[in-house]
Amino acid sequence: MGNVGESIRKRVKIGLIFKMWLLCVAVTTLYDLYFVYYALPQFQTRTFNAKRTEVQSETQVALGILDSYYVLEQEGVLSTEDAQSRALAQLSSISYGENGEGTFWVSDHQPVLLADPAAPTLVNTDVSYITDADGESVFGTMADSCRTDGGGFYESRWDYAGGDAGKKLSYVAAFEPW
């Protein structure tokens, strides 16, 4: 009789351990599903929206710089050429972002690059030939956006030195007075 009671106890104990293990697997699976299908997409959306706000705000700063020099031109303090060259010089000297990795570039609608501290050798050259990792004309597409819509967000896949193509988000805006 002792063997039967002990056998039943072992089965109950194994059954209880199995049920606890099964419960742990179920809870872990539910957590993983919640994380993958709800929490992670929410986090990615918030991060992306914060980046959109940041690049758009920084572009507004650049437009403010251009506008201040335009006002000096309109008031007769600076000639058009002086106002434009000083505005380009100031935009070339500033950066943004946590580590100052963000820079401003300026091009016309052709697109000829007028200022870019990250690529000074390309200044005053036609940059319509520059393409992203998908083969799309980066500056040409952004110039078209400015010409037709006054600007907007532009997403591309950019080949960074020594690595794979990474997503890049830009906000472009036309400065109509010039």
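Above: the structure in question.
Keep in mind the model is a prediction, meaning the values are calculated, not measured.

Some thoughts on the overall build of the protein
Scanning the protein from terminus to terminus reveals three helices and six strands. In the protein, the succession of helices and strands from N to C terminus is α-α-β-β-β-β-α-β-β. Computed over the C-alpha atoms, the radius of gyration of the protein is 29 Å, more than 25% above the 16 Å expected from 2.2 N^0.38 for a compact globule of 178 residues. By the burial criterion, 24% of the 178 residues in the protein qualify as buried. Sequence separation of 24 or more characterises 40% of the internal contacts of the protein that already satisfy a separation of 6 or more.

Digging into a nonpolar patch on the surface
Nonpolar side chains collect at one region of the surface, where L30, Y31, L33, Y34, F35, V36, Y37 and Y38 lie side by side and expose about 910 Å² of accessible area between them. In this fold, Y37 is placed in helix α1 (residues 2-74). Overall, the relative accessible area of 64% leaves Y37 in the exposed class.

Quick look at helix α3 (residues 138-149)
Taking 1.5 Å of rise per residue, twelve residues should cover 16 Å, and α3 covers 16 Å from first to last C-alpha, within 8% of that figure. Every buried residue of α3 is listed here: V138, F139, G140, M142, A143, S145 and C146. At the N-terminal boundary of α3, the capping side chain belongs to S137, with an oxygen 3.2 Å from the backbone nitrogen of G140. Looking at the residues trailing α3, positive phi occurs at G150, about 85°.

As for the packing of aromatic side chains
Taken as a whole, this structure holds nine aromatic pairs when the rule is applied. Among the aromatic residues, those joined into a ring-pair cluster are Y70, F175 and W178. In this arrangement the basic side chain of R52 is found over the ring face of F153, its NZ or CZ atom lying 3.7 Å from the centre.

Cut-off values and rules
- Residues numbered from 1 in each chain as written.
- Predicted model: local features only at pLDDT ≥ 70, side-chain atom pairs only at ≥ 80, totals over all residues.
- Heavy atoms only, no water.
- Helix = DSSP H or I, 4+ residues; strand = E, 2+ residues; numbered from the N terminus.
- Rg over C-alpha atoms; globule rule 2.2 N^0.38 Å.
- Buried < 20%, exposed > 50% of the residue type's maximum accessible area, 1.4 Å probe, protein only.
- Contact = heavy atoms within 4.5 Å.
- Patch = residues over 30% accessible without salt bridge, like charges linked within 9 Å, V, L, I, M, F, W, Y side chains within 5 Å.
- Areas by Shrake-Rupley, 256 points an atom, 1.4 Å probe, with all protein chains shown as cover.
- Salt bridge = Lys/Arg side-chain N within 4 Å of Asp/Glu carboxyl O.
- Expected span 1.5 Å × (residues − 1).
- Polar contact = N/O pair within 3.5 Å; in protein donor to acceptor, adjacent residues only side chain to side chain.
- Phe/Tyr/Trp six-rings, centres within 6.5 Å; stacked < 30°, edge-to-face > 60°.
- Lys NZ or Arg CZ within 6 Å of the ring centre and 35° of its normal.

The values are spatial; any link to function lies outside them.
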